[in-house]
Amino acid sequence: MKNNGVASLRNTFITALLLMTVLPTFAITFFLLQRFTVIQENEQHENIQARADSHSLKTQFALSLFQAEFKQMAKDSEVILAAYTGTFADRARQKMQALTQEYTWLSGLLLVDNESWTMSAQPTLLELIDTHALHSVYKQAAQQKPTTDVYFKLIKSASLMAELRSKAELKTVAYRSEHVLVVFATLWMTDIGKLDEYSRRVGTLVGLIPVENMAADMSKTLDRIFLESLSFQDHVMIDLNTTADNDIDVNTTIVLNGLNSPIEAIFSRPRELVFAAINTLNRQLYWIAAFITCGLMIIAWLIIRQLLKPLDGLNQIVLRYIKRDFTPIYKPLPFIEIQQIVDVLSVMAEQIQTDHSELEARVTQRTEELIQANSELSNAMNKLQQAQDQMIETEKMSLLGQLVAGIAHEINTPLGVCVTAGTMIEDKLKKLKQDYENNKMSRSSLDLFLQQMDEAFSIMLTNLSRAANLIQNFKAVAVDQTSEVKREFDLKAYLVETINSLQPELRKYNVEVNIACDSPVVINSYPGVYAQILTNLVMNSLRHGFGSKSVFYQINIAIDVQKDHIGIRYADTGKGVKAAQLERLFEPFYTTLSNQGGSGLGLNIIHNLVYQTLKGEIDVSSEVDQGLVYQFTLPRELK
């Protein structure tokens, strides 16, 4: 038996127990573990930040200590004399060597005179390096006033770093950078032992600290945290780009006296190292919670299964009733409530048997009544369809009759002219005969007679040809409308013929018909249907769209040729219709001229012909006082 989407009572009980006991416990455990993880993450982040700050302070302290010793060396008289006269150059080089050995990240020291020539260097090979990248430093040192201050300047030079790596024997592998932290101090010679306005500048002491050396020195003392990048004024000097998206990153700064902005450092530590122990504990607690949940679900299932056993017996009784076995069953069941349900079902089964017999008799009676009513309804529908077909055919014949009347009126004029010309010929012939018999016929009278006969016959031929063309166009259109025969024809020429057959009606109005088509369009379809559609559209425009006969109107027909289809756009410049009328335009018997004899079948006939006979589509649009526009989409080859 299908449950039709109804939930099981057993499953409902188990789900309720799960929602009320197991899931809240699991949710609380999950929440507490998440909170514990967040607290540990914050503590670890603070711990890493503190360690990173400590490393930065150590580096800052080492640089400050170096700055003090560098300043002391810049005031040393032997160093000043070595830069000025070359005296004590060996002693100055020994002191420079001691300073470079004390600070491993210091790649070299340069002793430069006022002309920017290197007087001494440590290591000695640095005397040969190209100092073009340091000219800005020399220039800045030359502009300083007498002072013993030490300045820092960060420069970027790939060529200088290449020479330092080769001549200073740099062995850094992990970090690569083209930036150099330049430490410099101006050397002053004074006669009185202190600087004053008479002190003389004799040179510059320059220290070269590659940023990659500084980064390597900072990384030596790091314990399970990693230096990721060093930057200065938004310029990245070192970027290892090894951090993952979920690593813990902290920022710290190194502030140096004499450097206008701090150096920013980013340290990181992989999250898996930080939370390895916490994640292990969380996984163990999750497994414990999962086992407890599974145990509780099994216990709940066993308890509910025992409680729902009586429902199986009740289910068997209901299944028998479903199979139309309504024999009352009084089977004892454990619970009073379920037993009451069984008793009620037994009573209902007895009542169903009684009602079933009555229902069968009633259904038989109603079936006979429905059969009779259906037969009457079918006959009424057939009669209605016949009446509608007859009205449609009457409407078609009515239009054809109007065409006949118009053509008859149009033919009457040329035929009347011909009759008048014939009468005149008869009179002239009688007079000529009389003159001949009386011997009164002259050459001039004969010439006049022949001239008059020529004019009369010309008038008769012209008017007879006009009448013949009218009859020929009407015959072609009328035959096609009364006999639905599929054939190939030129659509543009056929539409012109149809318009010509409608000239008697069109002359009653001041209307101009334009047919736009680039070339002849040959299609295989029912020409009579096209004539019927165009006739109904034109007559509908004349009757409904054009009001005053003195106003100038236009009917524009455009033919758009596609590969397998043709599009015909029919538009008039009449008064159009409202939106509410546009929705009902193709309904049968709907007309806006019901009080003037309109049948309301013209556009309905067009709709049926387009969709049923021509297998095409039609769309209509209109605005009040802007005319009606019909858009037809029809197949070129009608299957």
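Report follows, based on the coordinates. (Residues numbered from 1 in each chain as written. Predicted model: local features only at pLDDT ≥ 70, side-chain atom pairs only at ≥ 80, totals over all residues. Heavy atoms only, no water.)

1. Some points on a nonpolar patch on the surface
Next up, step 1: Taken together, the side chains of Phe 36, Leu 281, Leu 285, Ile 288, Ile 292, Leu 296, Ile 299 and Ile 303 define a hydrophobic patch exposed on the protein surface, amounting to about 680 Å² of accessible area.
Next up, step 2: The biggest single contributor to the nonpolar patch is helix α8 (residues 276-307), with seven residues.
Next up, step 3: Structurally, the position occupied by Leu 285 is in helix α8.
Next up, step 4: When its relative accessible area of 31% is taken as the criterion, Leu 285 is described as partly exposed. (Patch = residues over 30% accessible without salt bridge, like charges linked within 9 Å, V, L, I, M, F, W, Y side chains within 5 Å. Areas by Shrake-Rupley, 256 points an atom, 1.4 Å probe, with all protein chains shown as cover. Salt bridge = Lys/Arg side-chain N within 4 Å of Asp/Glu carboxyl O. Helix = DSSP H or I, 4+ residues; strand = E, 2+ residues; numbered from the N terminus. Buried < 20%, exposed > 50% of the residue type's maximum accessible area, 1.4 Å probe, protein only.)

2. Describing the pairing of strand β16 (residues 628-635)
Next up, step 1: Burial within β16 is extensive, with six of its eight residues counted as buried.
Next up, step 2: Here seven bridges tie strand β14 (residues 565-572) to β16, and the two strands are oriented antiparallel to one another. Residue pairing in the sheet places His 565 in a bridge with Pro 635 of β16.
Next up, step 3: As paired elements, strand β15 (residues 617-622) and β16 share six bridges and run antiparallel to each other. Residue Asp 619 lies in a different strand from β16, and its bridge partner there is Gln 631.
Next up, step 4: Turn length for the β15-β16 hairpin, with the two strands adjacent in sequence and antiparallel, is five residues, and the turn residue Asp 625 shows positive phi of about 70°. (Pairing = 2+ DSSP bridges.)

3. Considering the packing of aromatic side chains
Next up, step 1: Counted according to the given criterion, the structure contains twelve aromatic pairs.
Next up, step 2: Both rings, one in Phe 66 and one in Tyr 103, keep their centres 5.3 Å apart while their planes meet at 75°; by these two values the pair is edge-to-face. With a gap of 37 residues between them, Phe 66 in helix α1 (residues 9-74) and Tyr 103 in the loop between α3 (89-102) and β1 (108-113) connect regions that are remote in the sequence. The pair Phe 66 / Tyr 103 is uniform in exposure class, with both members buried.
Next up, step 3: The interplanar angle of 70° and the centroid separation of 5.8 Å between the aromatic rings of Phe 489 and Tyr 530 together place this pair among those described as edge-to-face. Note that Phe 489 is positioned in strand β10 (residues 487-490) and Tyr 530 in helix α14 (residues 527-545), a separation of 41 residues in sequence. Exposure class is identical for Phe 489 and Tyr 530. Each is buried.
Next up, step 4: Three or more aromatic residues link up through ring pairs in this structure, and these residues are Phe 66, Phe 70, Tyr 103 and Trp 105. (Phe/Tyr/Trp six-rings, centres within 6.5 Å; stacked < 30°, edge-to-face > 60°.)

4. Focus on the sheet that holds strand β7 (residues 235-239)
Next up, step 1: Judged by pairing direction, the sheet is antiparallel, and its four strands sit side by side in the order β7-β6-β9-β8 without closing on themselves. Each end of this open sheet is capped by a strand with a single partner; those strands are β7 and β8 (248-254). The average undirected angle you get between the axes of adjacent strands in this sheet is 25°.
Next up, step 2: In the packing of helix α6 (residues 211-220) onto the sheet, the strands contacted are β6 (226-232), β7, β8 and β9 (263-269), and the crossing angle to β6 comes to about 145°. (Axes fitted to C-alpha atoms, helices over the stretch in contact; angles between N-to-C directions. Contact = heavy atoms within 4.5 Å.)

As far as function goes, none of this settles anything; it's purely spatial.
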